[in-house]
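Geometric and topological summary
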Amino acid sequence: MAQRTEPLANKRTSAVIIAAALLLCGEARAQSSGGGLQNFFDNIFTGSISKGNQTAPSAQRPAASAQVQATPDTGSAPPPWSGEDGASGHPLMTASAIREAAANFDQCVASMWPDAARRNISQQSFQRFTAGLEPDLRIMDLMDSQPEFTKAIWDYLDILVNDNRLAKGREILAKYKPQFDAAEKTYGVDRYAIASIWGIESNYSTMMGDRNVLQSTATLACIGRRQKYFKDEFLSALEILHRGDLRPEQMRGSWAGAFGPTQFMPTAFKRYAVDADGDGRRDVVDNPADLIASTANNLKKDGWQTGQSWGFEVVLPQGFNYMLADRAKAMTIGQWQQLGLSRAGGQPFPQPADKAYLLAPAGAEGPGFLMLQNFRVIMKYNPAEAYALAIGHFADRLRGGTPFVQPWPRQERVLSRAERLELQQLLAQRGFYRGTPDGQFGGETREALRGFQASIGAPADGFASSDVLERLRGR
């Protein structure tokens, strides 16, 4: 993956459904805060998912937040564009606007030549790499997709942190030990975190996406509601090809333009990619040294603290005030201990003076976590708490750690989109929710839920359970 600069995207029944769901979470990174899936993981914490009222971070990796993308079926053509208006309601996502922009695609691409020239891209390179480009309108459906049903965080963790992937991760760590040694020495970033990102983003290079990055970013630069953002991604992709860091056939990835085993967006490649082995190319696709070092450089520049964990699973006392479970309410671990929190498994905290915030992803019925600075860094890589939790936990497991100690509330079911919409409407009727009900959960919905829960004397954990919906219905 690779990230940011303006709101992103709003980073897988059967194996088909799981694969599709994970594809969506991965694509989440690049969509914009409104009609995309940027909050795909983050909203798992409210009991359901969708995108919604949050601001996505800068521009990194839209593609696979846990981009376990389904491998394309090469025996059949991809589904065509539906020809329908986008679900976001944005005027540039109407079917007529999409058709009009598509008809002007060649002129739009040609109009970007002056900007390319200002980036020192030669006319020869511009003509070579843009020749024959056609819009991929199927991307318009993917950009505005709104899943009716989603999966709970424990189900995603089961999928993303599994025995097969752990075994492969240990093989990768052993096979590329010299490269991990060098990156750890140079950047001070935990090798297990890098290996975890590699595993969750692309299942160790086996699921990187198969769309032409230049075609995808050109399509999004000329059509739809994120044109300014994707124009920069398109021009950055051209820069990569002109410089010769990567070959065109290497730049294949998600519909949003993220590519390679750790899913760099073109703009993030420019910021973080390094030539670790000195061969004159920054190859984050097929060169393990460059890939590992570039991912480490990304995390380091985002503020990674050497020698610090991402966080700890904690046990919360009875009657705990869940209004404190807020990213903005960081305290030292010692202060959390004074409030009755203890580390799951009975182990001591290594550095009680470290600051952390409390995360309760499944509400009062599930485990809690104290999140340190490195957790925030992982969230810069992909702006979703569930993604960062999966990365941190997977890294711990690769290191030899154990599964989470406390059980998840697996009896809870995920609300459908219609139920999410109803929940927001009921919260609005009671004066707790001031946004526009859209069935998409974000921070505003969570705060409204907390307000309602506090008003009825329930734990104000902001978790959108079916029980909370029933209470709102007055049953």
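Owing to the predicted nature of the structure, the values given are computational and were not obtained by experimental measurement.

On to the state of the cysteines, then. One pass over the full model with this rule turns up one disulfide. Each sulfur in the disulfide pair C108 and C222 lies 2.0 Å from the other. Sign of the S-S torsion, about -90° for the bond between C108 and C222, identifies this disulfide as left-handed. Linking C108 in helix α3 (residues 105-111) with C222 in helix α11 (residues 213-222), this pair joins segments that are 114 residues apart in sequence. The pair C108 / C222 is uniform in exposure class, with both members buried.

Relative orientation of the contacting elements helix α9 (residues 177-187) and helix α14 (residues 288-301) amounts to 25°, with a least axis distance of 9 Å. What the angle tells us is that α9 and α14 run roughly parallel. Crossing geometry of α9 relative to α14 is assigned as right-handed. Contact residues: Q179, F180, A183 and Y187 in α9; P288, A289, I292, A293, A296, N297 and K300 in α14.

On to the side chain of D190. Along the chain, D190 turns up in the loop between α9 and α10 (191-202). Taking the relative accessible area as the measure of exposure, D190 reaches 17% and is therefore buried. Not counting the four nearest positions on each side in its chain, D190 is found in contact with E184, W304 and R399.

Right, let's talk about the sheet that holds strand β4 (residues 331-332) for a bit. What the five strands build is an open sheet, ordered β4-β6-β7-β3-β5; its pairing is antiparallel. A strand with exactly one partner marks an edge of an open sheet, and here the two such strands are β4 and β5 (342-343). With three bridges connecting them, strand β6 (residues 355-359) and strand β7 (residues 368-371) associate as antiparallel partners. By the bridge assignment for β7, Y357 is matched with M371.

This part covers the packing of aromatic side chains. Inspection of the entire model under this criterion finds 14 aromatic pairs. Aromatic pair F259 and F269: ring centres 6.2 Å apart, planes at 40°, arrangement tilted. Pair noted here: F259 is in the loop between β2 (252-253) and α13 (266-272) and F269 is in helix α13, with a separation of ten residues, a long-range link. Summarising the burial analysis for this pair, F259 and F269 share the class buried. Relative to F404, the ring of F369 has its centre 5.0 Å away and its plane inclined at 65°; by these criteria the two rings are edge-to-face.

This part is about the confidence of the model for the protein chain. Predicted confidence across the protein chain gives a mean pLDDT of 86, with 83% of residues reaching 70 or more. The model gives residues 1-75 a pLDDT under 50, and that stretch makes 359 contacts with residues more than four places away or in other chains.

Where burial is concerned, most of strand β3 (residues 311-315) is hidden: four out of the five residues are buried. With four bridges connecting them, β3 and β7 associate as antiparallel partners. When the bridges of β7 are listed, F312 appears paired with L370. Pairing analysis gives two bridges linking β3 to β5, with the strands arranged antiparallel. Counterpart to V314 in the pairing with β5 is R343.

Here we come to α11. Most of α11 is tucked away, with nine of its ten residues classed as buried. By the burial criterion, the buried members of α11 are V213, L214, S216, T217, A218, T219, L220, A221 and C222. The N-cap residue of α11 is N212: its side-chain oxygen and the backbone nitrogen of L214 are 2.8 Å apart.

So, on to the pattern of salt bridges. According to the stated counting rule, one finds 27 salt bridges in the structure shown. A salt bridge links D136 to R211; the nearest nitrogen and oxygen atoms lie 2.8 Å apart. Taken together, the residues span a long stretch of sequence, with D136 in the loop between α5 (123-130) and α6 (138-143) and R211 in strand β1 (residues 211-212) at a distance of 75 residues. Note on D136: relative accessible area 15%, which makes it buried. The partly exposed category is assigned to R211, whose relative accessible area is 22%. Each of the salt bridges in this network shares a partner with another, and the network as a whole consists of R119, D232, E239 and K270.

Moving on, we come to unusual backbone geometry. A positive phi angle is found at N203, which is not glycine, with a value near 50°. For Y204, which is not glycine, the phi dihedral falls at a positive 55°. Among the structural elements, Y204 can be located in the loop between α10 and β1.

The next thing to look at is the environment of T295. Looking at the secondary structure, you find T295 in helix α14. For the pair T295 and F264, spaced 31 residues apart in sequence, the C-alpha to C-alpha distance is 8.8 Å. With residues near it in sequence (within four places) discarded, T295 still touches I194, I197, T262, F264 and Y381. In this structure the side chain of T295 is engaged in a polar contact, spanning 3.0 Å, whose partner is the side chain of T262.

Conventions used here
Residues numbered from 1 in each chain as written. Predicted model: local features only at pLDDT ≥ 70, side-chain atom pairs only at ≥ 80, totals over all residues. Heavy atoms only, no water. Disulfide = S-S within 2.5 Å. Helix = DSSP H or I, 4+ residues; strand = E, 2+ residues; numbered from the N terminus. Buried < 20%, exposed > 50% of the residue type's maximum accessible area, 1.4 Å probe, protein only. Axes fitted to C-alpha atoms, helices over the stretch in contact; angles between N-to-C directions. Parallel < 35°, antiparallel > 145°, perpendicular 65-115°, else oblique. Left-handed = near helix turned anticlockwise from the far one by under 90°. Contact = heavy atoms within 4.5 Å. Pairing = 2+ DSSP bridges. Phe/Tyr/Trp six-rings, centres within 6.5 Å; stacked < 30°, edge-to-face > 60°. pLDDT = per-residue confidence, 0-100. Polar contact = N/O pair within 3.5 Å; in protein donor to acceptor, adjacent residues only side chain to side chain. Salt bridge = Lys/Arg side-chain N within 4 Å of Asp/Glu carboxyl O.

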